[in-house]
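Structural overview for review
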Amino acid sequence: MANVIKVTHEEDFHKVAAHIVASLVQTSPRAVLGLATGGTPVGLYRELIQIHKQGLVSFAKVKSYNLDEYAGLPTDHPASYRTFMNEHLFNHIDINLENTHVPDGQATDLDAECRLYDEMLSEAVIDLQVLGIGHNGHIGFNEPDDSLNPATHVVTLLEQTREANSRYFDSIDEVPAQAITMGVGSIMKARQILLLVRGADKAEIIHRAVTGPITTQCPASLLQLHSNVTVLLDAEAGRLFQ
Ligand SMILES: O=P(O)(O)OC[C@H]1O[C@](O)(CO)[C@@H](O)[C@@H]1O
């Protein structure tokens, strides 16, 4: 059963999330973080930058692994997840960029890139994996399906996901059709998971993921099998929880 935390005030959402991440790094300066992109963790990263600037936490020895990256998008494209991470976090803290890992969506052999990413992951246990959830229950880019791939793999994005993410592109036609994503096996291997969920439009899917059946049709529901999951909800996303 996940530890569900519901916050009333929006600003507290980001502060609580940042407190969880920063406390870990303060006690374990060599922590390995699994990081997520999307709109949800932007406030968390903003708070972490603040805490770092106040001299309260250093990321100098931290390693990070991101969940996913679009296939075929140049690394320096404004909507690439590498650009997202650099702009929203890495460029503003003392992390060594060489210790940050995002799958290379530009690799000519994407399957080989997936194997390489898995090899790196197998050498590093993720201490804390930050996650968001898609409207269809996806985590990373692991879309609902009859079966799920546990390892890093190339995924064809569902139309619904491309539509949701088109806000970062000039038009939906520019959203790549495919992405590389860490698999659910790698996600589940993290020692601790912090699932961040905001907004009324996520209320039903997060309720289903936490209290509904464990099914590959809602990849986030597999997190019910993990022993150390914190689900952080804002008031709107948590409206179906008592
Ligand atoms: O936080 P958002 O923008 O709603 O995105 C939710 C999820 O969708 C993804 O961006 C992938 O579409 C995930 O990386 C993220 O956790």
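Residues numbered from 1 in each chain as written. Predicted model: local features only at pLDDT ≥ 70, side-chain atom pairs only at ≥ 80, totals over all residues.

**Section: the site of the ligand**
Which entries qualify depends on this criterion: Each residue receives a C-beta atom built from its backbone; the residue is near a molecule or strand if that atom lies within 6 Å of it. Residues are grouped as follows: Ala, Val, Leu, Ile, Met, Phe, Trp, Tyr, Cys and Pro are nonpolar; Asp, Glu, Lys and Arg are charged; all remaining types, including Gly, are polar.
Taken together, 13 residues form the shell around the ligand, and within it Gly38, Gly39, Thr40, Gly132 and Gly134 come nearest. Residue composition of the shell around the ligand, by class: four nonpolar, eight polar and one charged.

**Let's talk about the packing of helix α1 (residues 10–27) against helix α2 (residues 42–53)**
Our working rule: Comment: axis = line fitted to C-alpha atoms, over the contacting stretch for helices; angle = value between 0 and 180 degrees taken between N-to-C directions. Helix and strand labels come from DSSP, where a helix needs a run of H or I of at least four residues and a strand needs a run of E of at least two; each type is numbered from the N terminus. Put simply, angles under 35 degrees are roughly parallel, angles over 145 are roughly antiparallel, angles from 65 to 115 are roughly perpendicular, and the rest are oblique. For any helix crossing, the convention is left-handed if the near helix is rotated counterclockwise from the far helix by under a right angle, and right-handed if that rotation is clockwise. Whether two residues are in contact is decided by their C-beta atoms, placed from the backbone, lying within 7 Å.
Remark: α1 packs on α2, axes separated minimally by 8 Å, with the N-to-C direction vectors making an angle of 60°. Between α1 and α2, the interaxial angle falls into the category oblique. Helix-helix and strand crossings are classified by hand; for α1 and α2 the assignment is right-handed. Across the interface between the two elements, Phe13, His14, Lys15, Ala17, Ala18, Val21 and Ala22 from α1 touch Gly43, Leu44, Arg46, Glu47, Leu48 and Ile51 from α2. Broken down by class, the residue content of the contact of α1 with α2 amounts to eight nonpolar, two polar and three charged.

**Observations concerning the sheet that holds strand β4 (residues 68–70)**
Just so we agree on the cut-off: One bridge is not enough; two strands pair if DSSP finds at least two bridges between them.
Pairing in this open sheet of three strands is antiparallel, and the strands run β4-β8-β7 from one edge to the other. Taken across any chain shown, the strands that pair with only one partner, and hence form the sheet edges, are β4 and β7 (153–156). Between one strand axis and the next, the sheet turns through 30° on average, direction left out of account. Here β4 runs beside strand β8 (residues 178–181); their pairing, made up of three bridges, is antiparallel. Note that in β8 the partner of Tyr70 across the bridge is Ala179. In the packing of helix α4 (residues 110–122) onto the sheet, the strands contacted are β7 and β8, and the crossing angle to β7 comes to about 125°.

**Here we look at α4**
The test is simple: A helix is expected to span 1.5 Å multiplied by its residue count minus one. In this scheme every C-beta is placed from the backbone, and a residue whose C-beta has 20 or more other C-beta atoms within 10 Å is buried, one with 12 or fewer is exposed, and one in between is partly exposed. The directions from the helix axis to the C-beta atoms form the arc being described.
With 13 residues, α4 should cover 18 Å at 1.5 Å per step; its first-to-last C-alpha distance of 18 Å lies within 8% of that length. Here α4 has its buried residues at Glu113, Cys114, Tyr117 and Leu121. Seen from one end, α4 has its buried residues packed into an arc of 105°, which puts them on one side. Turned more than 90 degrees off the buried face of α4, the exposed positions are Asp111, Ala112, Glu119 and Ser122. Against β3 (63–66), β7, β8 and α6 (184–188) lie the buried residues of α4.

**Concerning helix α3 (residues 81–88)**
Listed as buried for α3 are Tyr81, Arg82, Phe84 and Met85. Around the axis of α3, the buried residues are gathered within 160° of arc, so they sit on the same side. Close packing links the buried residues of α3 with β2 (32–35), β3, β4 and β5 (100–101).

**Side note on the pairing of β2**
The alternating pattern of β2 places Val32 and Gly34 and Leu33 and Leu35 on opposite faces, both of which are buried. Summarising the sheet, β2 and strand β6 (residues 128–131) pair through two bridges and their orientation is parallel. Each bridged residue has a counterpart across the sheet, and for Gly34 the counterpart in β6 is Gln129.

**Section: the sheet that holds β6**
Hydrogen bonding along the main chain pairs the strands of a sheet, whether they run parallel or antiparallel. Strand order in the open sheet formed by seven strands is β1-β10-β9-β6-β2-β3-β5, with parallel pairing between adjacent strands. Every interior strand has two partners, whereas the edge strands, β1 (3–6) and β5, have only one. In terms of strand pairing, β2 meets β3 through four bridges, oriented parallel. Within the sheet, the bridge partner assigned to Leu33 lies in β3 and is Ser64.

**Remarks on the confidence of the model for the chain**
Rules: Confidence per residue, as judged by the predictor, is encoded in pLDDT with a range of 0 to 100.
On average, residues of the chain score 97 in pLDDT, and 100% of them reach the 70 mark or higher. ipTM for the predicted complex: 0.94, alongside a pTM of 0.97.

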